[in-house]
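Here's the letter readout for the chains.
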Amino acid sequence: MNRVKAFVFVLFTLLLASCASPSIDDYVDTNPKLDLKKFFEGELYAAGVVEDYSGKVVRKFTVSMEGSWQGNEGLLKEWFIYDDGEKQTRFWYLTDLGDGKYKGRADDILGEALGQAKGSALRWRYDMMLPVDGDTYQVHFDDWMYLVDDNTIINKSDIIKFGIIVAKVTLVISKVNGR
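Residues numbered from 1 in each chain as written. Predicted model: local features only at pLDDT ≥ 70, side-chain atom pairs only at ≥ 80, totals over all residues. Heavy atoms only, no water.

**Looking at the packing of aromatic side chains**
No. 1: Taken as a whole and assessed by the stated rule, the structure comprises eleven aromatic pairs.
No. 2: Taking the centre distance of 6.0 Å and the plane angle of 40 degrees together, the rings of F61 and F80 count as tilted. With F61 in strand 2 (residues 57-70) and F80 in strand 3 (residues 73-82), this pair connects stretches of sequence that are 19 residues apart. Residues F61 and F80 agree in their burial class; the two are buried.
No. 3: Within the aromatic cluster, the residues linked to one another by ring pairs are W92, W124, Y126 and F141.
No. 4: One Lys or Arg, R59, reaches over the ring of Y82 and ends 3.9 Å from the middle of that ring.
No. 5: We note K175 situated over the ring of F39; from NZ or CZ to the ring centre the distance is 5.3 Å. (Phe/Tyr/Trp six-rings, centres within 6.5 Å; stacked < 30°, edge-to-face > 60°. Helix = DSSP H or I, 4+ residues; strand = E, 2+ residues; numbered from the N terminus. Buried < 20%, exposed > 50% of the residue type's maximum accessible area, 1.4 Å probe, protein only. Lys NZ or Arg CZ within 6 Å of the ring centre and 35° of its normal.)

**Quick notes on the sheet that holds strand 5 (residues 101-105)**
Hydrogen bonds between backbone groups are what pair the strands of a sheet, and the pairing can be parallel or antiparallel.
No. 1: Read once around its circumference, the closed barrel built from ten strands follows the order 1-2-3-4-5-6-7-8-9-10, with strand pairing classed as antiparallel. The average angle at which neighbouring strand axes cross in this sheet is 25 degrees, direction not considered.
No. 2: The pairing of strand 2 with strand 3 spans ten bridges and is classified as antiparallel. Across the sheet, the residue bridging to S64 is W79, located in strand 3. (Pairing = 2+ DSSP bridges. Axes fitted to C-alpha atoms, helices over the stretch in contact; angles between N-to-C directions.)

Below, the structure written as structure tokens:
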């Protein structure tokens, strides 16, 4: 009977651990410190991949970006080019709410994206209307950005539908000419 209890306890512990996700507070003491207004100012370039639920890369893309800020209000323009020739444009309207908190909106975002930065990390959460093969699906993004150095961010996103991760996006964002 003790073996059964031990097995159930280990199984339960593993199940709980698999449901855990990182917290933005885990990054409070990390460096370099991410200042969204400083990083997303000027010209940027990004390259990324989309993985399906199994981890298979199903799309590759590049993004040209241009960011500008007036006080606490920012505009991030994004021009996507996918490996199949599809092009998309997205304009993010960002607001620095202070204390590392941000909000954003764009035409394909439902409501507002809400984000918080601590240390070298930023976590965004938002719902989006995502076009896929001629259809559009409402999905949730759990989006993490990690400042590697003054010129580079690694962006990792889980795309979630009905509580299940259906795809992942990895993107490396660089300042053009290191500025």
